[in-house]
Structures are given as C-alpha cells and as structure tokens.
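Survey of secondary and tertiary structure
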Amino acid sequence: MAADAFLQLENIVKTFDDGETLVKNLNLHIRKGEFLTLLGPSGCGKTTTLRMIAGFEMPSSGKIIIDGEDVTDKSPNERCVNTVFQNYALFPHMNIADNIAFGLKMKKVPKKQIEAKVQEMLKIVKLEGYESRMPSQLSGGQMQRVAIARAIINNPKVLLLDEPLSALDLKLRKQMQLELKHLQRELGITFIFVTHDQEEALTMSDRIVVMNKGDIEQLGTPEELYERPRTKFVADFLGETNILEGETIKVKETEVLLNLEEEKDIIRIPNLNYHIGDKFIVSVRPERIRIKDEVEEGDVWLQCKFKERIYIGSNIKTVMVLKNGKEIIVNEPIGQNFKFDDESAEVFVTWNPNHTVVIKA
Ligand SMILES: Nc1ncnc2c1ncn2[C@@H]1O[C@H](COP(=O)(O)OP(=O)(O)OP(=O)(O)O)[C@@H](O)[C@H]1O
Ligand SMILES: [Mg+2]
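Every chain is numbered independently, its residues counted from 1 as its sequence is written. For naming, the first written chain is A and the first written ligand is 1, with later ones following in the order written. Confidence filtering applies because this is a predicted model: local features only for residues at pLDDT of at least 70, side-chain atom pairs given and counted only at 80 or more, and all residues used for totals across whole chains, interfaces and linings. To obtain the side-chain values, all non-hydrogen atoms of the structure were included, while hydrogens and water were left out.

- Named according to an unreviewed UniProt entry, the protein chain is Spermidine/putrescine import ATP-binding protein PotA originating from Clostridium mobile.
- UniProt positions are given in the numbering used here, feature names are shortened, and annotations may be inferred rather than shown by experiment. As recorded by UniProt, the Subunit (unreviewed entry) comment attached to the protein chain reads in full: "The complex is composed of two ATP-binding proteins (PotA), two transmembrane proteins (PotB and PotC) and a solute-binding protein (PotD)."
- Database annotation for the protein chain, UniProt heading Function (unreviewed entry): "Part of the ABC transporter complex PotABCD involved in spermidine/putrescine import. Responsible for energy coupling to the transport system."

Shown next, in the form of structure tokens:
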C-alpha cells in the first residue's frame, strides 16, 4: 500500500447482471486533499467507478478503503462520501435553505446549528440572500452551487462530482471551473471529478486518470499526461496531436534510427533493446512544430507542402502535407508564423527532438 493513499481501490472487478465485465482489475490510490479527475470517452466506466466509491453500486470483487477503513460492504450513508450529479438533483418542492440543510436534518442535528451551517454554506457558494427561493427560480449555475453546498455541508471525506458542469454554457462553465477549484483548495476535501472534456481535466486537476474500457490507461499530472503520454490513446485523447508512424531501420549500440512516414533516417531514439522492423508511434504536438524553408542542425524535419491555413484568434493553424499524403497540423503564434512566398514550394515541418514522444506500437 502506498503510504499516502487516502482512498484506495484494490483489485476492483465489476461484472453486471447481464454478465458483461466492465472493470477487470482496477487499482487506484488517491491522496488526501487531492483533486483527481477521471477522464475518458463515453462508456469507459467513469460513472460506474464513482458509484462504487459512493456505495450505490457493489464491486463484484475487490476492496474500497477510505481513510484506513474498509468500506466495501458499507451503505452509502455510512461512507463519509457525497456526490454532486450532472443534473443537480435538487428537491423541487424545497427551498434553497432546506435543500442545503437536508443532510444535517437527516442526521438530526439541532435546528440552531443547522441554520448557522446553512448560512456558512450560502456564503461559501456565494448565494447569500437566496435561502427562501425555490430551485425553479434559479439559473443553472446557481442550482449547481446549491447542489455543491448541499454536498459539502456535512463535511464529507471525499466529494464525488459526476460531470457537474456539463449542463452549463461555456462561459459559466469556465467560471465555475475556477470557483470549484478554489473551493476545493479552501475546504481541503478530496475531490474525484468526472469529465469527458480534456481541457477541463487539464485546467482543474492535480492528477488525471485516463480511462479506457474500464481500465486505467495512464495516471499522472496534467503536464505528465500531456507531455509524456505512454500510449497512443492518451496522446490522442489529451489535446490535439500529430500521430506519425515510425519503423526501426538501423540499430546501433546506444541508439536506433527510425524511418518516419516512409522518409529515411529521420529520428534517432535511445536503443532500449529494439530491433530492425520494430514499429513505433510518434506523437508531436502542433504547437511544437514550425514551418521552415531551411533545416537547422539537430532538428527533426520532414519535407512537405502547404495545404491550408485557419486563423484561430491568437494562433494560426496550418495544414501541411507530407510526400506520402499524410497531413501535419502546425500551430504557430501569430507574428511568428511562417510567411509563404510561394504556396506550392517544397518546405519543411521541423521540431526539436526533445518534443518527439515515441511510443512502441
Ligand atoms: N447496471 C448496468 N448493467 C449493465 N451495464 C451497465 C450498467 N451500468 C453501466 N453499464 C455499462 O457500463 C459501461 C460504462 O458505463 P458508465 O456509465 O460507467 O460510463 P461513463 O464512462 O460514465 O460514460 P459517460 O461519459 O457516457 O457518462 C457502459 O457500456 C454501460 O452500458
Ligand atoms: Mg457517466
């Protein structure tokens, strides 16, 4: 067991009643006070994993340990875990104060204490003065705040948030991302946040778990996952990238040379016991690539031609085409972008070899 694990999922298997096994052997250690995000495509098992942590769903086998206590067989209300849902799930017939107070009323906390706590929560989520409104009289963002206040009022050890912002429009969503992140820092509660929006995951998380078909593809900080993806799935899922195909054509003692997209001797990588004919996937981020008409010593380069340009505000995206027809996307800041004298001329896409991510196929 990792010394800093606060919430542990140990050898979790989940087979549904219909016989389908979604989670084969999930192991995950989450730190105290961490903002951890489960990220992955629809159907990969994010909600199912949250529901098992919350106790709404039982694992077929394996253990769930929270703060040193095995809660695998405990009911949801015995777990010190609360959930915020995508659709808010507020009680429509109760006013805001009663919605927020619900958890404490169930616990039979004295009325005076509840009132004081509700006021404190309203302040935290910036809804002071709204206590007697009904949920139908609130905007989406305000309802989401009430849902959060309701979930944190009884001091859960872990707060689970299943796509809590996905019903909001883009601007409000960005604002709530920041607020939620600040709130998490202030409260020090461990957050497990689910999203399938990679940008949201990158901006909010201490660490991200990229999930694929019920399994963990990679766990790491946003920077680790973005800069050093270990699989093609992760490289492709997080941000935009160019995926190129490489094959070993020369093996030396300390390095091997790869052909890239059918071009000869393009990339040298450390020889980790590779052989001639080994296949690789090479990922290069569009913002790491530059277009040049002359190649600089030490850079990786491929000959190409211009296809089209797209303005995206502060940057320019250019689509270039390699000799074999493969398209490469280049993302340059405006002002630093390559100026074409002749758009039909042969030029180069180049990058620093440090920005090549090589993944064994
Ligand atoms: N009770 C169930 N019985 C059978 N299959 C289920 C059950 N619950 C979920 N599944 C299946 O498990 C898979 C994962 O579902 P889950 O809801 O965890 O995905 P998700 O990652 O949350 O997806 P989304 O991003 O769309 O919310 C899906 O294929 C789903 O159909
Ligand atoms: Mg889901």
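Let's pick the thread back up.
**Considering the packing of helix α4 (residues 140–152) against helix α5 (residues 170–187)**
- Running from N to C, α4 and α5 point in directions that differ by 15 degrees, and their axes come no closer than 11 Å. Taken as axis vectors, α4 and α5 run roughly parallel relative to one another. Where α4 crosses over α5, the handedness of that crossing is right-handed. On α5, the residues that touch Gly141, Gln144, Arg145, Ile148 and Ile152 of α4 are Leu172, Gln175, Met176, Glu179, Leu180, Leu183 and Leu187. Throughout, an axis means a line fitted to C-alpha atoms (over the contacting stretch in the case of helices), and angles, computed between N-to-C directions, take values from 0 to 180 degrees. For helices the rule is a DSSP run of H or I covering at least 4 residues; for strands it is a run of E covering at least 2, with both sets numbered from the N terminus onward. Orientation categories follow fixed angle ranges, with anything under 35 degrees roughly parallel, anything over 145 roughly antiparallel, 65 to 115 roughly perpendicular, and all other angles oblique. Note: crossing handedness is left-handed where the near helix turns anticlockwise from the far helix by less than a right angle, and right-handed where it turns clockwise. We call two residues contacting when some pair of their heavy atoms lies within 4.5 Å.

**A short note on the site of ligand 1**
- Note on definitions. A residue lies near a molecule or strand when any single heavy atom of the residue is within 4 Å of it. Taken together, the neighbourhood of ligand 1 is formed by 13 residues, with Ser42, Gly43, Lys46, Thr47 and Thr48 sitting nearest.
- Here a polar contact is taken to be a pair of N or O atoms separated by no more than 3.5 Å, where protein atoms must pair a possible hydrogen donor with a possible acceptor and residues adjacent in sequence count only if both atoms sit in side chains. One nitrogen or oxygen atom from the main chain of Gly43 is found 2.8 Å from an oxygen atom belonging to ligand 1.
- Contacts to ligand 1 include Lys46, whose side-chain N or O atom sits 2.8 Å from an oxygen atom.
- Note on areas: Shrake-Rupley, 1.4 Å probe, and residue coverage restricted to the protein chains presented here. Look at ligand 1: alone it shows 640 Å² of surface, and the protein chains cover 61% of it.
- The element best represented in the shell around ligand 1 is helix α1 (residues 46–54), accounting for three residues.
- When grouped by side-chain class, the residues that make up the shell around ligand 1 number four nonpolar, six polar and three charged. Each residue is assigned to one of three groups, with Ala, Val, Leu, Ile, Met, Phe, Trp, Tyr, Cys and Pro labelled nonpolar, Asp, Glu, Lys and Arg labelled charged, and all others, Gly among them, labelled polar.

**Brief notes about helix α3 (residues 111–124)**
- In a regular helix each residue adds 1.5 Å, so 14 residues correspond to 20 Å; α3 covers 20 Å between its end C-alpha atoms and thus fits that length.
- Burial status follows relative accessibility: with a 1.4 Å probe on protein chains alone, a residue under 20% of its type maximum counts as buried, one over 50% as exposed, and anything between as partly exposed. All buried positions along α3 are accounted for by Ile114, Val118, Met121 and Leu122. Take α3 and look down its axis: the buried residues cluster within an arc of 100 degrees, on one side only. Facing away from the buried side of α3 by over 90 degrees, the exposed positions are Lys112, Gln113 and Lys123.
- Tucked into the core, α3 has its buried residues touching α2 (96–106) and α4.
- Of the residues trailing α3, Lys126 is marked for its positive phi of about 60 degrees. What a helix should span is 1.5 Å times the count of its residues minus one. Each C-beta atom gives one direction from the helix axis, and the arc is the one those directions make.

**Some thoughts on a negative patch on the surface**
- A residue counts toward a patch only above 30% relative accessible area and without a salt bridge, and it is joined to like-charged neighbours within 9 Å or, for Val, Leu, Ile, Met, Phe, Trp and Tyr, to nonpolar neighbours within 5 Å. Take a side-chain nitrogen of Lys or Arg and a carboxyl oxygen of Asp or Glu: if they are within 4 Å of each other, that pair is a salt bridge. Counting rule for charge: Lys and Arg are taken as positive, Asp and Glu as negative, and neither His nor the chain ends is counted. Taken as the charge centre is NZ of Lys, CZ of Arg, CG of Asp or CD of Glu, depending on the residue. Taken together, the side chains of Asp293, Glu294, Asp341, Asp342 and Glu343 present a region of like negative charge at the surface.
- Residue position: Asp293 is located in the loop between β15 (290–292) and β16 (300–312).

**A short note on the pattern of salt bridges**
- The final tally for this structure, using the stated rule, is 24 salt bridges.
- Note that Glu179 is salt-bridged to Lys126, the shortest N-O span being 4.0 Å. Note that Glu179 is positioned in helix α5 and Lys126 in the loop between α3 and α4, a separation of 53 residues in sequence.
- Classification of Glu179 by relative accessible area gives buried; the value is 19%.
- A relative accessible area of 54% places Lys126 in the exposed class.
- Sharing partners across several salt bridges, the network here consists of Lys14, Arg51 and Glu57.

**Comments concerning the nonpolar core**
- As used in this record, nonpolar core signifies buried Ala, Val, Leu, Ile, Met, Phe, Trp, Tyr and Cys residues forming a set joined through side-chain atoms within 4.5 Å. Ranked by size, the top nonpolar core spans 34 residues in total, and within it Ile100, Val118, Ile148, Leu159 and Leu180 carry the most contacts.
- Of all elements in the fold, only α2, α3, α4, β7 (158–162), α5 and β8 (190–195) reach the threshold of two or more residues within this core.
- Looking at this core element by element, the count peaks at six residues for α4.

**Focus: the sheet that holds strand β18 (residues 327–333)**
- A pair of strands is considered paired only if DSSP assigns at least 2 bridges between the two. A sheet is described by the order of its strands in space; here five strands give the open sequence β15-β19-β16-β17-β18, paired in antiparallel fashion. Edge positions in the open sheet fall to β15 and β18, since each of these has one partner strand only. Each strand axis lies, on average, 50 degrees off the axis of its neighbour in the sheet, ignoring direction.
- Relative to β18, strand β17 (residues 315–322) runs antiparallel, the two being bridged by seven bridges. Residue pairing across strands places Thr318 opposite Val330, the latter belonging to β18.

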